[in-house]
Amino acid sequence: MRLANFSVLCMSCALAACAGNGEGLDENGRPAGEDTGTLEPTFQSIQAQVFTPVCTGCHAGAAAPLGLRLEEGASYALLVNASSVEVPALRRVQPGNPDASYLIQKLQGTAAVGGRMPLNAPPLPQSTIDVIRQWITDGAPNSSGAASQKSRIELARLTAVSPMTGQVAPVSMREIVIASNLELDTSLLQSELVTLRASGGDGEFESGNERRMPLQVSIRSQQPTVLAIAPGATPLAVDEYELRISGVEPVALADLASRAIDGDGDGTPGGDFVLRFTVEMTR
Ligand code: HEC
Ligand SMILES: [Ca+2]
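Just so you know, these numbers come straight off a predicted model, no measurement behind them. (Residues numbered from 1 in each chain as written. Chains lettered and ligands numbered in written order. Predicted model: local features only at pLDDT ≥ 70, side-chain atom pairs only at ≥ 80, totals over all residues. Heavy atoms only, no water.)

(A) Molecular detail of the nonpolar core. With 30 residues, the main nonpolar core has V50, F51, V93, I132 and W135 as its most contacted residues. With 6 residues, the top contributor of residues to this core is helix α2 (residues 43-55). Discounting chain neighbours no more than four positions away, the residues touching I132 are I46, V50, L103, I104, L107 and L124. L158, M173, L182 and V279 belong to the second-largest nonpolar core, a separate cluster that totals 26 residues. (Core = buried A, V, L, I, M, F, W, Y, C linked by side-chain atoms within 4.5 Å. Buried < 20%, exposed > 50% of the residue type's maximum accessible area, 1.4 Å probe, protein only. Helix = DSSP H or I, 4+ residues; strand = E, 2+ residues; numbered from the N terminus. Contact = heavy atoms within 4.5 Å.)

(B) A look at the environment of V131. Topologically, V131 is positioned in helix α5 (residues 126-137). Looking at V131, the relative accessible area reads 18%, which means it is buried. Each C-alpha atom of the pair V131 and I46 lies 8.3 Å from the other, and the pair is 85 residues apart in sequence. The residues touching V131, leaving out its near neighbours within four places in the chain, are L39, E40, P41 and I46.

(C) Expanded view of α2. For α2, which comprises 13 residues, the first-to-last C-alpha distance of 15 Å sits more than 12% below the rise-based estimate of 18 Å (1.5 Å per residue). For α2, the complete set of buried residues consists of F43, S45, I46, Q47, Q49, V50, F51, V54 and C55. (Expected span 1.5 Å × (residues − 1).)

(D) Seen up close, the environment of L66. Inspection of the secondary structure puts L66 in the loop between α2 and α3 (75-79). As a C-alpha pair, L66 and S84 span 18 residues in sequence and 8.7 Å in three-dimensional space. Every residue in contact with L66, bar those within four places of it in the chain, is listed here: V85, E86 and R92.

(E) Looking closely at the coordination of the iron atom of ligand 1. Protein-derived coordination of the iron atom of ligand 1 comes from H59 (NE2) and M117 (SD), at a distance range of 2.0 to 2.3 Å. If you look at the iron atom of ligand 1, its 6 donor atoms make angles of 87 to 179° with each other, and the shape they trace is octahedral. With H59 in the loop between α2 and α3 and M117 in the loop between α4 (102-108) and α5, this residue pair connects regions lying 58 residues apart in the sequence. (Donors = N, O, S within 2.8 Å, 3.2 Å for Na, K, Ca; no water. Tetrahedral: all angles 85-135°; square planar, octahedral: opposite > 155°, others 65-115°.)

(F) Up close: the site of ligand 1. In the vicinity of ligand 1 lie 21 residues, with C55, C58, H59, E86 and M117 positioned nearest. For ligand 1, an oxygen atom lies 2.3 Å from a polar atom in the side chain of E86. In the model, an oxygen atom of ligand 1 is placed 2.6 Å from a nitrogen or oxygen of the K106 side chain. Contributing elements (two or more residues each) for the shell around ligand 1: α2 and α4. (Near = heavy atom within 4 Å. Polar contact = N/O pair within 3.5 Å; in protein donor to acceptor, adjacent residues only side chain to side chain.)

(G) Broad picture of the sheet that holds strand β7 (residues 226-231). Strand order across the open sheet formed by 4 strands is β1-β3-β7-β6, with antiparallel pairing between neighbours. The open sheet has two edge strands, β1 (158-162) and β6 (215-221), and neither has a second partner. In this sheet, adjacent strand axes meet at a mean angle of 25° when their direction is disregarded. Inspection of the sheet shows β6 paired to β7 by 6 bridges, in the antiparallel sense. (Pairing = 2+ DSSP bridges. Axes fitted to C-alpha atoms, helices over the stretch in contact; angles between N-to-C directions.)

(H) Looking closely at the packing of α2 against α5. Here α2 crosses α5 at 150°, and the two axes come no closer than 10 Å. When the axis of α2 is compared with that of α5, the two are roughly antiparallel. Seen from above, α2 lies across α5 with left-handed handedness. Of the residues in α5, those touching α2 at F43, I46 and V50 are T128, V131, I132 and W135. Considering only residue class, the contact of α2 with α5 consists of 6 nonpolar, 1 polar and no charged. (Parallel < 35°, antiparallel > 145°, perpendicular 65-115°, else oblique. Left-handed = near helix turned anticlockwise from the far one by under 90°. Nonpolar A, V, L, I, M, F, W, Y, C, P; charged D, E, K, R; others polar.)

(I) Summary view of the packing of aromatic side chains. Under the definition given, this model contains 3 aromatic pairs. Relative to Y76, the ring of F43 lies with its centre 5.1 Å away and its plane at 80°, an arrangement referred to as edge-to-face. Taken together, the residues span a long stretch of sequence, with F43 in helix α2 and Y76 in helix α3 at a distance of 33 residues. Residue classification places Y76 among the buried residues on the basis of a relative accessible area of 8%. (Phe/Tyr/Trp six-rings, centres within 6.5 Å; stacked < 30°, edge-to-face > 60°.)

(J) Region of interest: unusual backbone geometry. Cis rather than trans, the peptide bond between M117 and P118 has omega equal to 0°. Residue P224 is reached from Q223 by a cis peptide bond, and omega for that bond is -10°. Even without a glycine there, the phi angle at L66 is positive, about 55°. Residue classification places L66 among the partly exposed residues on the basis of a relative accessible area of 47%. A positive phi angle, near 55°, is found at Q223, a position not held by glycine. Note on placement: Q223 falls in the loop between β6 and β7.

(K) Seen up close, the sheet that holds strand β8 (residues 239-245). In space, the 5 strands of this open sheet follow the order β2-β9-β8-β4-β5, with mixed pairing throughout. Edge positions in the sheet fall to β2 (168-170) and β5 (211-213), since each of these pairs with one other strand and no more. Ignoring strand direction, the axes of neighbouring strands in this sheet form an average angle of 35°. The pairing of strand β4 (residues 194-198) with β8 spans 5 bridges and is classified as antiparallel.

Written as structure tokens, this is what we have:
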């Protein structure tokens, strides 16, 4: 009895020492020594143990390569059902189909364009890639959402994932990505609900010379809702732009409980969501 206990204790001693001394990535592809638990095929787990520690050194903020931000709060909206920039025919994550998902091709080193990810670093272990594949096979759900529970207490708020507020976007910008914290009633989406205007060159949006741009809104994912808004005319002219999503009747975007979005973030339902950004020629 005593002997058996002793040997078990000793085993865990040895394992702990090993993890603490390791360099680089451990067997789950995360920095060794950061004890954050076992990698599971859920979005939350993959975010915490792969994207945040391994990828955000490059894939974060306005300078993220190919606009792919992998920080918490941005990554899901820019991965699931989003087209790859390098191979536009493929989605970065195609729910249910890991082989067709460009993310997996980039991690396995089989992508047609560019390098294997993480760039200039050891590849992720196959066991880690397999867990990410499993999450995609399972339909790539957003486990951090828990949208139905939240909606009883929280109001719907919107976040500009790409471009971010005040960001400078290139004339080649393909889409504006807006994420909600809840599932929204997307049956309400119609042409007066989402508007995109160019300032007319003066950076002012009430001077009468604004131009309204054609656009196409698609629902990229639900639970919580992510909207991808493609300008109808590309490349965009160099100018200041304003995207507006109405939270005010008669055409207000609302959650599944028919409460208008808290577009202006003042803590009460209602108010327009407004995103301003600059489009410039960039090299
Ligand atoms: C050292 C910087 C760096 C790191 C770290 C890095 N990437 Fe990248 N990533 C890039 C660059 C640069 C490109 C574009 C050039 C290329 O593909 O080689 C890119 C391209 C991509 C693309 C293609 C996007 C598209 O739309 O076509 C994906 C997917 C991607 N990275 C995922 C990841 C993931 C997941 C990680 C973490 C496991 C990661 N990257 C880590 C720099 C990095
Ligand atoms: Ca103007």
